[in-house]
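What follows is the residue order along each chain.
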Amino acid sequence: MRKILVTGALGQIGCELVPALRQHFGADQVIASDIRMAHSSRTSSNTGAPSADGDYEYLDCTQTQHLQDIVRLHDVGTIYHLAALLSAVAEEKPQFAWSLNMGGLYNVLEAARRNGCAVFFPSSIGAFGPTTPRDHTPQVTIQRPTTMYGVAKVSGELMSDYYALRFGVDSRGLRLPGLISNTAPPGGGTTDYAVDIFYQAVRYRHYACFLRPDTRLDMMYMPDAIRAMMELMQAEPSGLHHRNAYNVTAMSIAPEELAGQIRKHIPEFIIDYEVDPVRQAIADSWPRSVDDQAAHADWNWAPKYDLETMTEDMITKVRQKLNKENLHAP
Ligand code: AKB
């Protein structure tokens, strides 16, 4: 088997995707890479981050030659390309966001073309914009995003389609919603509140949310997202009619609903609102719920977690994690 390379492996998705791929395909089949240095194996068991003991490469995806060298050195056959800035931070640094999010993907697709690799690209609900229908957003619809993050995501979908059509690169992708996880924190996203809220609820019984109470967005629990990525990459190619940009979702929720669900486990939990105008404007330009029928039809996609089961699992895991950290505190 040719090896699997994961870029951005120390980020929110990579920290859970790398162990899942290693469990499925074997530890020596997966190369984790990131622009940051990997944790030692001792630390990684606490954070869930890929350990320096598995194959790990320092990699800046904007460095074309370095990326090519790593792909050749390890005989990589599949690249999960996760290295990218999230929406809010991309809006702070739009020029850098374009060069990393689009330049990095271009380099990955070129390396794939030259070396016969398959590519996974995470698009996002951010690929839609204010003129897109906001409820049950269709698989094929208007895409005129107003953020640099979204502009790079739509361009990434088109670029991946081009490489598939023109050069036969087996590129595939998902339009991911906000991801809720308890391993590594997200950084700089518009949907990050849905992770922060759990830590603050367990620690302080209080959370100040940066989005308005009724801001409805699609979300998914990370175990479902990891499974979706792996299932899409293993799906029969002839059935993939929208290969680079499948809408997927598990739940469409607003902060006030998530807070209500948390209160079932922590009755004294209080949420209040300190709205961040930048992130609110981004959220207001995104769909409230997407239609993921095409993913169901083409490769049998179905989420396992809903709001209730995700909340229960998150609270259990966040409690365990914070207890463990307290035990290890000096
Ligand atoms: C973000 O908020 O930037 C991401 C996304 C929905 O793409 N989580």
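Note that the coordinates shown come from a computational prediction; the quantities given were computed from them, not determined experimentally.

Procedures and definitions
- Residues numbered from 1 in each chain as written.
- Predicted model: local features only at pLDDT ≥ 70, side-chain atom pairs only at ≥ 80, totals over all residues.
- Heavy atoms only, no water.
- Helix = DSSP H or I, 4+ residues; strand = E, 2+ residues; numbered from the N terminus.
- Rg over C-alpha atoms; globule rule 2.2 N^0.38 Å.
- Buried < 20%, exposed > 50% of the residue type's maximum accessible area, 1.4 Å probe, protein only.
- Contact = heavy atoms within 4.5 Å.
- Phe/Tyr/Trp six-rings, centres within 6.5 Å; stacked < 30°, edge-to-face > 60°.
- Salt bridge = Lys/Arg side-chain N within 4 Å of Asp/Glu carboxyl O.
- Disulfide = S-S within 2.5 Å.
- Pairing = 2+ DSSP bridges.

What to know about the overall build of the chain
And step 1. When you go through the chain residue by residue, the secondary structure sums to twelve helices and twelve strands.
And step 2. For the chain, the C-alpha radius of gyration of 19 Å lies close to 20 Å, the compact-globule estimate for 330 residues.
And step 3. Over its C-alpha atoms, taken along the principal directions, the chain stretches across nearly 55 × 50 × 40 Å.
And step 4. Here the chain, with 330 residues, has 56% of them falling under the buried criterion.
And step 5. Here the analysis covers contacts within the chain between residues at least 6 apart in sequence; of these, 80% occur between residues at least 24 apart.

What to know about the packing of aromatic side chains
And step 1. Within the structure shown, the criterion is met by ten aromatic pairs.
And step 2. A centroid spacing of 6.5 Å and a plane angle of 85 degrees characterise the contact between Tyr106 and Tyr163, whose relative ring orientation is edge-to-face. In this pair, Tyr106 sits in helix H5 (residues 94-115) while Tyr163 sits in helix H6 (residues 148-167), placing the two residues 57 residues apart along the sequence.
And step 3. A relative accessible area of 39% places Tyr106 in the partly exposed class.
And step 4. Looking at Tyr163, the relative accessible area reads 4%, which means it is buried.
And step 5. Ring geometry for Tyr193 and Phe210: centres 6.4 Å apart, planes at 85 degrees, overall edge-to-face.

Regarding the pattern of salt bridges
And step 1. Inspection of the entire model under this criterion finds 16 salt bridges.
And step 2. Two residues, Glu157 and Arg175, come together in a salt bridge whose shortest N-O distance is 2.8 Å. Remark: Arg175 occurs in strand E6 (residues 170-176) and Glu157 occurs in helix H6; sequence separation between them is 18 residues. Take Glu157 and Arg175: they sit in the same class, and that class is buried.
And step 3. Across the pair Arg243 and Asp170 runs a salt bridge, and its minimum N-O distance is 2.9 Å. In this pair, Arg243 sits in the loop between helix H8 (222-234) and strand E10 (246-247) while Asp170 sits in strand E6, placing the two residues 73 residues apart along the sequence.
And step 4. Note on Arg243: relative accessible area 19%, which makes it buried.
And step 5. Because the salt bridges share partners, they merge into one network encompassing Glu110, Arg113 and Arg114.

What about the state of the cysteines?
Here, the word disulfide means a covalent bond between the sulfur atoms of two cysteines.
And step 1. With the rule as written, the count across this model stands at zero disulfides.
And step 2. Unpaired in terms of disulfides, Cys15 finds its nearest cysteine sulfur in Cys61, a separation of 15 Å.
And step 3. No disulfide involves Cys117; its sulfur sits 13 Å from that of Cys61, the nearest cysteine.
And step 4. Owing to a relative accessible area of 3%, Cys117 belongs among the buried residues under this scheme.

Comments concerning the environment of Asn244
And step 1. When you line up the elements, Asn244 lands in the loop between H8 and E10.
And step 2. Given a relative accessible area of 1%, Asn244 falls into the buried group.
And step 3. Sequence separation between Asn244 and Asp170 is 74 residues; the distance between their C-alpha atoms is 9.5 Å.
And step 4. The residues touching Asn244, leaving out its near neighbours within four places in the chain, are Glu157, Ser160, Asp161, Ala164, Ser171, Arg172, Gly173 and Leu174.

Let's talk about the pairing of strand E9 (residues 217-221)
And step 1. Taken across its five residues, E9 has five buried, putting it largely inside the fold.
And step 2. Side-chain alternation along E9 places Leu217, Met219 and Tyr221 on one buried face and Asp218 and Met220 on a second face that is also buried.
And step 3. The sheet contact formed by E9 and strand E11 (residues 251-253) spans three bridges and is antiparallel. Following the sheet pairing, Asp218 is matched in E11 by Ser252.

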